[in-house]
Amino acid sequence: MIQFSELGPRIILYFGSGGKVFLTESTCFEIILAVILAVVGIWLGSGLEKVPRGKQIVAEVLVGWVYNFAQQNLGKIRGEKFAPYLGSLIVWLVFANSLGLIGLRPITADLNVTAALAVMSFVLIQGFAIKELGVRGRIDELGDPYYAILPMNVISELILPVTLALRLFGNIFGGMVVVDLWMHLMEFLSYKFCAVPILRCITVIPLNLFFDMFEPVIQAYIFTILTAVNLEEGMSGMREDTAEKRRLKREKKKQKLIKEA
Amino acid sequence: MGLIAIGAGLAMGLAALGVGIGQGILANGAMHGMSRQPEIAGKITGNMILAMAIMETALVLSFVIAIMLYSKL
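Nothing here was measured: the structure is a model prediction, and the numbers come from that model.

A. Representation of the packing of helix α4 (residues 111-142) of chain A against helix α5 (residues 150-190) of chain A. Residue and element names in this part refer to chain A. Between α4 and α5, the least distance of the axes is 8 Å, while the angle of their chain directions is 160°. The orientation of α4 with respect to α5, classified from their angle, is roughly antiparallel. In the crossing of α4 with α5, the sense of the turn from one axis to the other is right-handed. In this structure, α4 uses Leu111, Thr114, Ala115, Leu117, Ala118, Ser121, Phe122, Ile125, Gln126, Arg138, Ile139 and Leu142 to contact α5, whose residues at the interface are Leu150, Asn153, Val154, Glu157, Leu158, Leu160, Pro161, Leu164, Ala165, Leu166, Leu168 and Phe169. In terms of residue class, the contact of α4 with α5 is made up of 18 nonpolar, four polar and two charged.

Shown next as structure tokens:
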């Protein structure tokens, strides 16, 4: 049974004495999954030919979908720039969420992992927004259409990583708990007439189909699309009519100063 | 003790009630749009999933709160 008193995963490796430095289950699976995905990606991308066949068709469909997705959300030039990040994010998330299929704990059913991913997205969004617009432009954008709305926009920017992390964690963790409860019910029922927990083997498949195949894809898509949408919103600057209004106001002020002088 | 259990159940149930109603209305609108203009059904589906995810945030937050309450039992 899952222990609710601690939401984190099992600790499997201790370093040194005192148990202060340790490695959890999800960290290990994370590194293993990343290495496997990198190897598969390099293998898919090796030996490219003019006329695609075999594995190259799969690679081309995948990469084409990712670039199309990024360009739809971010525009043509920016989409091409951010497609590698978004693509690796969505592929890694799909596999990390559906690790329950092989009987392991899904990597993203750990608040630390999802929080790290959300912080990564947050830093990316703020960093590129400031790099694109400058600090002054970013403040102008957050105070669009009136500067009075600035604190609210700042709060909504700060709350984004929290909701990103909690959404992913809650969905995957909830799915894991439901599957686990069902497994224990089936075990209990099958011990009534048999020494082997025989009912567990087939009856869990519909739950696996939903919580370990459908839900991971949807959640990975949502995480990626929210990152992309917020990135686009942060980098696009203030609206044109607001910029025009502010320019006119500034000119009026300048003329007033000239008249007074 | 008992009040905490009731609170955890209520938090989950009320949040599910509200989010269920909201997502129902959203799906209703999306289906209407799709039946009127089948050409842009793909675009509507993408936006519908995005809006549903934003709505679901409330449910997930209350789920986390329910787990926190449960661990206090």
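B. Here's a closer look at the layout of surface pockets. All names here are of chain A. The space that makes up the largest pocket amounts to roughly 980 Å³. Sorting the residues of the lining of the largest pocket by element identifies α1 (25-45), α2 (55-74), α3 (76-97) and α4 as the ones contributing at least two each. The element best represented in the lining of the largest pocket is α1, accounting for 14 residues. Along the lines of polarity and charge, the residues of the lining of the largest pocket split into 29 nonpolar, seven polar and two charged.

C. Main features of the UniProt feature "transmembrane region" (unreviewed entry) in chain B. All names here are of chain B. Those places that UniProt annotates as "transmembrane region" (unreviewed entry) correspond, in this numbering, to residues 6-27 and 48-70. A helix fraction of 100% and a strand fraction of 0% characterise residues 6-27, whose end C-alpha atoms lie 31 Å from each other. In residues 48-70, helix accounts for 100% and strand for 0%; the two terminal C-alpha atoms are 33 Å from one another.

D. Region of the structure containing the UniProt feature "domain: V-ATPase proteolipid subunit C-like" (unreviewed entry) in chain B. The feature "domain: V-ATPase proteolipid subunit C-like" (unreviewed entry), as annotated in UniProt, sits at residues 6-69 of chain B in this numbering. Between the end C-alpha atoms of residues 6-69 of chain B there is a gap of 10 Å, over a span that is 94% helix and 0% strand.

E. Fine view of the UniProt feature "transmembrane region" (unreviewed entry) in chain A. All names here are of chain A. Sequence positions flagged by UniProt for "transmembrane region" (unreviewed entry) are, in local numbering, residues 21-44, 82-104, 111-130 and 191-211. Annotated as residues 111-130, this span is 100% helix and 0% strand, and its ends, taken at the C-alpha atoms, are 28 Å apart. In the segment residues 191-211, helix accounts for 52% and strand for 0%; the C-alpha atoms at its two ends are 26 Å apart.

F. Quick look at the interface of chain B and chain A. Taken together, the contacts link 14 residues of chain B with 18 residues of chain A. Both sides together, the interface formed by chain B and chain A hides about 1300 Å², and carbon and sulfur atoms give 84% of it. When the area that chain B buries against chain A is broken down by residue, the three leading residues are B:Leu50, B:Val60 and B:Ile67, summing to 31%. Linking chain B with chain A are zero salt bridges, by the criterion used here. Our enumeration of links across chain B and chain A arrives at two residue pairs in polar contact (both at pLDDT 80 or more).

G. Molecular detail of the nonpolar core. Membership of the largest hydrophobic core comes to 46 residues, with the highest contact counts inside it found for A:Trp92, A:Leu93, A:Ile107, A:Leu117, A:Phe173, A:Phe223 and A:Leu231. Secondary-structure elements contributing two or more residues to this core are α1, α2, α3, α4, α5 and α7 (205-235) of chain A together with α2 (41-70) of chain B. Take this core: its biggest share by element is ten residues, from α5(A). Look past the residues within four positions of A:Ile107 in its chain and what remains in contact with it is A:Ser26, A:Phe29, A:Glu30, A:Leu33, A:Trp92, A:Ala96, A:Leu99 and A:Val113.

Rules behind the numbers
Residues numbered from 1 in each chain as written. Chains lettered and ligands numbered in written order. Predicted model: local features only at pLDDT ≥ 70, side-chain atom pairs only at ≥ 80, totals over all residues. Heavy atoms only, no water. Axes fitted to C-alpha atoms, helices over the stretch in contact; angles between N-to-C directions. Helix = DSSP H or I, 4+ residues; strand = E, 2+ residues; numbered from the N terminus. Parallel < 35°, antiparallel > 145°, perpendicular 65-115°, else oblique. Left-handed = near helix turned anticlockwise from the far one by under 90°. Contact = heavy atoms within 4.5 Å. Nonpolar A, V, L, I, M, F, W, Y, C, P; charged D, E, K, R; others polar. 1 Å grid on protein atoms, 1.4 Å probe; cavity = no way out; pocket = protein on both sides within 12 Å on 5 of 7 lines; lining within 4 Å. Points joined across faces, edges and corners; volume = space filled by probe spheres on them. UniProt positions renumbered as here; feature names shortened; annotations may be inferred. Buried area = accessible area lost by both parts, 1.4 Å probe. Salt bridge = Lys/Arg side-chain N within 4 Å of Asp/Glu carboxyl O. Polar contact = N/O pair within 3.5 Å; in protein donor to acceptor, adjacent residues only side chain to side chain. Core = buried A, V, L, I, M, F, W, Y, C linked by side-chain atoms within 4.5 Å. Buried < 20%, exposed > 50% of the residue type's maximum accessible area, 1.4 Å probe, protein only.

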